[in-house]
Amino acid sequence: HGGCTHIWEAESEPNLVPQQPGGDKIDIWALAMCPYTGGLGNIMGAMELIMQQAVDEIEANGTLLPNHRLKLQVAPDPKCSTAGAIASTIQGLMSGPTKFAVIGDCCSGSCMGNRDVADVYNVPSFSPFCTSPVLSNPTNYPNLVRYSPMLGGNNEVAFD
């Protein structure tokens, strides 16, 4: 899988042009990233289904993103590498519609790389898996939101 491979839509209607209130929904795009190969294996294969379910749930709840339709463009991170994440993030943010956020990556080094690129594009990053304590530095990563605690926090949770 090289470059951007999939484009998901919560609804299947093609290229609707936004209209006045009460008209068609406005498409908003995010870039989704995880590896298909590498030390973690095919994480993206599993994440595709989870992300699509999340998009469908958001769309089904008319109050979360009223008047908008969330769409995801997938830019796989080759082998969970920093250099691969940088290249995929650049390619993903430059191709297709403007993205409002980057979702991913699955490896801390990749999060560091895609976060640096996302800063240039002035979009936030949301990471479900990146656990390095380095990413907790708000000066270096001011627009990074992590769903999991840093690595030390994971150990405390496992112990409790």
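All values derive from a computational prediction rather than experimental measurement.

Take the packing of helix H2 (residues 82-94) against helix H3 (residues 108-121) next. The N-to-C vectors of H2 and H3 enclose an angle of 30°; their axes lie 7 Å apart at closest approach. Classified by chirality, the crossing of H3 by H2 is right-handed. Only Gly109, Ser110, Gly113, Asn114, Val117, Ala118 and Tyr121 of H3 make contact with H2, whose side of the interface consists of Thr82, Ala85, Ile86, Thr89, Ile90, Leu93 and Met94. Here the contact of H2 with H3 is composed, by residue class, of eight nonpolar, six polar and no charged.

All right, on to the side chain of Arg115 then. Summarising the element assignment, Arg115 is placed in helix H3. There is a polar contact of 3.0 Å between the side chain of Arg115 and the backbone oxygen of Val123.

Here we take up the environment of Leu93. Within the secondary structure layout, Leu93 lies in helix H2. As a C-alpha pair, Leu93 and Tyr121 span 28 residues in sequence and 7.8 Å in three-dimensional space. With sequence-adjacent residues up to four places away left out, Leu93 is seen in contact with Leu31, Lys99, Val102, Val117, Ala118 and Tyr121.

Applying the stated rule across the entire model yields four salt bridges. Of the charged contacts, one joins Asp27 and Arg69 as a salt bridge, the two residues approaching to 2.2 Å between their closest N and O atoms. One end of the pair, Asp27, is in strand E2 (residues 26-32); the other, Arg69, is in strand E3 (residues 68-74), and 42 residues separate them in sequence. Look at Asp27 and you get partly exposed, because its relative accessible area is 22%. Judged by relative accessible area, Arg69 falls into the buried class, the value being 1%. Salt-bridge contacts for Asp119 lead to Arg115; the nearest nitrogen and oxygen are separated by 2.2 Å. Linking Asp119 with Arg115, this pair stays in helix H3, spanning four residues, or about one helical turn. Classification of Asp119 as partly exposed rests on a relative accessible area of 30%.

What counts and what doesn't
Residues numbered from 1 in each chain as written. Predicted model: local features only at pLDDT ≥ 70, side-chain atom pairs only at ≥ 80, totals over all residues. Heavy atoms only, no water. Axes fitted to C-alpha atoms, helices over the stretch in contact; angles between N-to-C directions. Helix = DSSP H or I, 4+ residues; strand = E, 2+ residues; numbered from the N terminus. Left-handed = near helix turned anticlockwise from the far one by under 90°. Contact = heavy atoms within 4.5 Å. Nonpolar A, V, L, I, M, F, W, Y, C, P; charged D, E, K, R; others polar. Polar contact = N/O pair within 3.5 Å; in protein donor to acceptor, adjacent residues only side chain to side chain. Salt bridge = Lys/Arg side-chain N within 4 Å of Asp/Glu carboxyl O. Buried < 20%, exposed > 50% of the residue type's maximum accessible area, 1.4 Å probe, protein only.

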